[in-house]
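# Structural overview for review
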Amino acid sequence: MVADLHLHTSFSDGTYSPEELVLHARAQGLGALALTDHDTVEGCERAAAASRSAGLEFVPGTELTAEHQGEEIHILGYFIDTRHPPFLVQVARFQEVRQNRIREMVARINELDVPLNPEDVFRLANCRAPGRPHVARALVASGHCGSLDEAFERFLKKGRPAWVPKFKISAAEAIHLIHDAGGAAVLAHPGLNRVDHFIPLMVECGLDGLECLHTKHSPAVAEHYLGLARRLKLVITGGSDCHGHSKGRPLIGTVRLPYANVELLKARASRYPARRSVPAGPFSPGR
Ligand code: AMP
Ligand code: ZN
Ligand code: FE
Ligand code: FE
């Protein structure tokens, strides 16, 4: 049995609904899948229900935007309690700044005499965690750009006029948030970031795993991180980072993680029971 532990839906910048994602997972012969939308867990309940019907194991997850010394990194959270109140508070903060960022990007595009309404982007995104791909899609849908690539090249790439930096938390904050919500924290696609020197420090902060297998890791890069994970006693994970059909051919199932690793990850997450906040009583501070 194999798993794909890095998947996106239309609740962030993917194109599949949770139900479509699960159908594709089954068609790919996966036994387990994790949903890891950016800065949200909105799609998890539907994906869990669809997985139950399809007889697949579902791992509730997320991919949090974090940083180290200005470098954007992504921290995956697995087996989290997707209803954990403090986690949802933080996720709501992420979503609010993402929505404000969309307004800022659109305002900059408007300054270049390209009429675009932020509401058009929100309608098209139809999710709480919109990002640059949604602005790009709106620019294409409104006829202002011929392709998503053109939208990024003209407006949205770093250094282009509508590029707005993204809100990020520190890696330590991301790890603690995930642990508090009962999950295991995994550094996503380390081969795409230059943070190898920082991984031991993240381990001290409680990092549980390393995404050694990823679509964009060459066999040599994967081998490098497999060695590092073994040395640092991190759980080895992997996933395709499938965004549906928004970025070329669907990738789901192209990375196949042995199920034994899912069990190791689950065992790791069981170290962190979701911390239940004490209900406010008559004697709690501030009342
Ligand atoms: P954001 O998180 O809002 O900054 O958007 C990042 C997303 O935009 C990632 O999923 C990238 O893959 C995607 N992206 C970045 N550059 C391009 C590009 N040139 N064409 C299409 N998508 C891109
Ligand atoms: Zn994405
Ligand atoms: Fe990522
Ligand atoms: Fe991703």
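Our next topic: the domain arrangement of the protein chain. According to the domain assignment, the protein chain consists of domain 1 (2–80 + 171–269) and domain 2 (92–156). Computed from C-alpha coordinates alone, the two centres of domain 1 and domain 2 are separated by 26 Å. Counting residues at the interface gives 13 residues for domain 1 and 11 residues for domain 2. Regarding the contact of domain 1 and domain 2, the summed buried area is about 900 Å², with carbon and sulfur atoms giving 48% of it. If you sort the residues of domain 1 by the area they bury against domain 2, D13, D39 and E42 come out on top, with a joint share of 44%. For the pair domain 1 and domain 2, the interface holds two salt bridges. E42 is paired through a salt bridge with R128; the nearest N and O atoms lie 3.9 Å apart. Between the two partners, domain 1 and domain 2, sit six residue pairs in polar contact (both at pLDDT 80 or more).

Turning our attention to the coordination of the iron ion (ligand 3). Bound to the iron ion (ligand 3) on the protein side are E63 (OE), H74 (ND1) and H189 (NE2), at distances that span 2.0 to 2.2 Å. Along the chain, the residues donating to the iron ion (ligand 3) fall in the pattern E-x10-H-x114-H. Here the iron ion (ligand 3) and the zinc ion (ligand 2) are spaced 5.8 Å apart. Of the two residues, H74 is situated in strand β4 (residues 71–78) and H189 in the loop between β6 (184–187) and α8 (199–204); the sequence distance between them amounts to 115 residues. Take H74 and H189: they sit in the same class, and that class is buried.

Let us look at the packing of aromatic side chains. In this structure the tally under the stated criterion is one aromatic pair. Relative to F167, the ring of F94 has its centre 5.3 Å away and its plane inclined at 65°; by these criteria the two rings are edge-to-face. Pair noted here: F94 is in helix α3 (residues 85–111) and F167 is in the loop between α6 (148–156) and β5 (169–170), with a separation of 73 residues, a long-range link.

Turning to unusual backbone geometry, a few remarks are in order. Of note, the phi angle at N126 is positive, near 50°, even though the residue is not glycine. One can find N126 in the loop between α4 (118–125) and α5 (132–141). Of note in this structure, H189 is not a glycine but carries a positive phi near 25°.

In this section: the coordination of the zinc ion (ligand 2). Coordination of the zinc ion (ligand 2) by the protein comes from D13 (OD), D13 (OD), H38 (NE2) and H243 (NE2), over a distance range of 1.9 to 2.6 Å. Coordination at the zinc ion (ligand 2) is irregular: its four donor atoms span angles of 52 to 134° at the metal. The sequence motif formed by the donor residues of the zinc ion (ligand 2) is D-x24-H-x204-H.

The rules we used
- Residues numbered from 1 in each chain as written.
- Chains lettered and ligands numbered in written order.
- Predicted model: local features only at pLDDT ≥ 70, side-chain atom pairs only at ≥ 80, totals over all residues.
- Heavy atoms only, no water.
- Domains from an automatic or database assignment.
- Contact = heavy atoms within 4.5 Å.
- Buried area = accessible area lost by both parts, 1.4 Å probe.
- Salt bridge = Lys/Arg side-chain N within 4 Å of Asp/Glu carboxyl O.
- Polar contact = N/O pair within 3.5 Å; in protein donor to acceptor, adjacent residues only side chain to side chain.
- Donors = N, O, S within 2.8 Å, 3.2 Å for Na, K, Ca; no water.
- Helix = DSSP H or I, 4+ residues; strand = E, 2+ residues; numbered from the N terminus.
- Buried < 20%, exposed > 50% of the residue type's maximum accessible area, 1.4 Å probe, protein only.
- Phe/Tyr/Trp six-rings, centres within 6.5 Å; stacked < 30°, edge-to-face > 60°.
- Tetrahedral: all angles 85-135°; square planar, octahedral: opposite > 155°, others 65-115°.

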